[in-house]
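Here are the chains, one letter per residue:
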Amino acid sequence: MFETEPAKAVVSTQSTGGVLALAGPYSRDVMQKLTGERMEHEHFPFLECREMELGGFHVQATRISYTGELGWEIHHNRRDTGLLYRKILEAGEEFEIGDYGSFATNSLRLEKGFRGWGAEMNLDKNPYEAGLDPFIKPNKKTSFIGQEAVKELELQEHKCRLAMLQVNTMNVLDPYGNETVWHNNKVVGNTTSGGYSYQAKSSICFAFLPPNLTDMGSEVYVELLGRRYLATVVQDPMFETEPARTRNAAKVGVCSSTR
């Protein structure tokens, strides 16, 4: 007789799980006030995921934030959301904690060059066109589904590449996504998402462009409400993420600005 493996079941936690995002330069201080765990960078590094007690609740905390700043995603039982949220607000009161919305998140993630699913990453573009080269290892020793397809894509000449644009709208309006991009009175691409950068003090957006127009300093025009605005290809990402700043600070032997 053949031995059979014990039956396994996949259980969805969508209806019972909740998540709160805590981000900003004082997020570590807030977390530390609510737990006995050590929250310093050396003890809770970037991308680490840990089950822990926070404010009297059992949570799964991951040190990551779509804002690109110091932060944690706090997964918990949905029945605890309200009480946990209030605990976090109380702990952060001395740091003037407050809520932030999707427009703030979008602005911060654009500045850090974070792609968005359904916008920069979609079924019409491949990972190389979306500028995800640093995350692709086609020659990885461990085989994976799609490996041969990725190797073929790497050798192909791509029709477009994602670029970061700084748009001179004179602060009248901001690109949002799916706007037409022009060059020499010809349509050459489209924006994918955009917003206002408070660090650059200008409108910014991602756009898919022909590869010859993606060099830094290249100029195109973005059409907004029937008018074309000059846009310049800039560095992607425009600003370093908190983990990158922390690593760079450690290399030169100075204290991190992220507390």
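Residues numbered from 1 in each chain as written. Predicted model: local features only at pLDDT ≥ 70, side-chain atom pairs only at ≥ 80, totals over all residues. Heavy atoms only, no water.

A. Here's a closer look at the sheet that holds strand β9 (residues 219–224). Here we have 6 strands rolled up into a closed barrel, ordered β5-β8-β7-β6-β9-β10, and antiparallel in their pairing. Shown here is a sheet whose adjacent strand axes are inclined to one another by a mean of 45°, direction ignored. Taken together, the 6 bridges between β9 and strand β10 (residues 227–234) define a ladder with antiparallel strand orientation. Its bridge partner being in β10, Y221 is matched across the sheet by L230. (Pairing = 2+ DSSP bridges. Helix = DSSP H or I, 4+ residues; strand = E, 2+ residues; numbered from the N terminus. Axes fitted to C-alpha atoms, helices over the stretch in contact; angles between N-to-C directions.)

B. Representation of the pattern of salt bridges. Evaluation of the coordinates by the stated rule reveals 12 salt bridges. Across the pair R38 and E40 runs a salt bridge, and its minimum N-O distance is 3.2 Å. Take E40: its relative accessible area is 28%, and that puts it in the partly exposed class. Its salt-bridge partner being D80, residue R79 comes within 3.9 Å of it at the nearest N-O pair. With relative accessibility at 68%, the residue R79 sits in the exposed group. What makes D80 buried here is its relative accessible area of 13%. In this structure, a network of salt bridges that share partners links the residues E37, E48 and R50. (Salt bridge = Lys/Arg side-chain N within 4 Å of Asp/Glu carboxyl O. Buried < 20%, exposed > 50% of the residue type's maximum accessible area, 1.4 Å probe, protein only.)

C. Representation of the packing of aromatic side chains in the model. The final tally for this structure, using the stated rule, is 4 aromatic pairs. Where Y26 meets F95, the ring centres are 5.1 Å apart and the plane angle is 15°; that geometry is what we call stacked. You can see Y26 sitting in the loop between β1 (17–23) and α1 (27–33) and its partner F95 sitting in the loop between α2 (81–91) and α3 (102–111), a full 69 residues away along the chain. Summarising the aromatic geometry, the rings of Y66 and F114 are spaced 6.1 Å apart at their centres and angled 20° between planes, so their arrangement reads as stacked. Placement of the pair is Y66 in the loop between β3 (57–62) and β4 (71–77) and F114 in the loop between α3 and α4 (147–155), with a sequence separation of 48 residues. The exposure class of F114 is partly exposed, given its relative accessible area of 24%. The ring of W182 is capped by R228, whose NZ or CZ atom sits 3.6 Å from the centre of that ring. (Phe/Tyr/Trp six-rings, centres within 6.5 Å; stacked < 30°, edge-to-face > 60°. Lys NZ or Arg CZ within 6 Å of the ring centre and 35° of its normal.)

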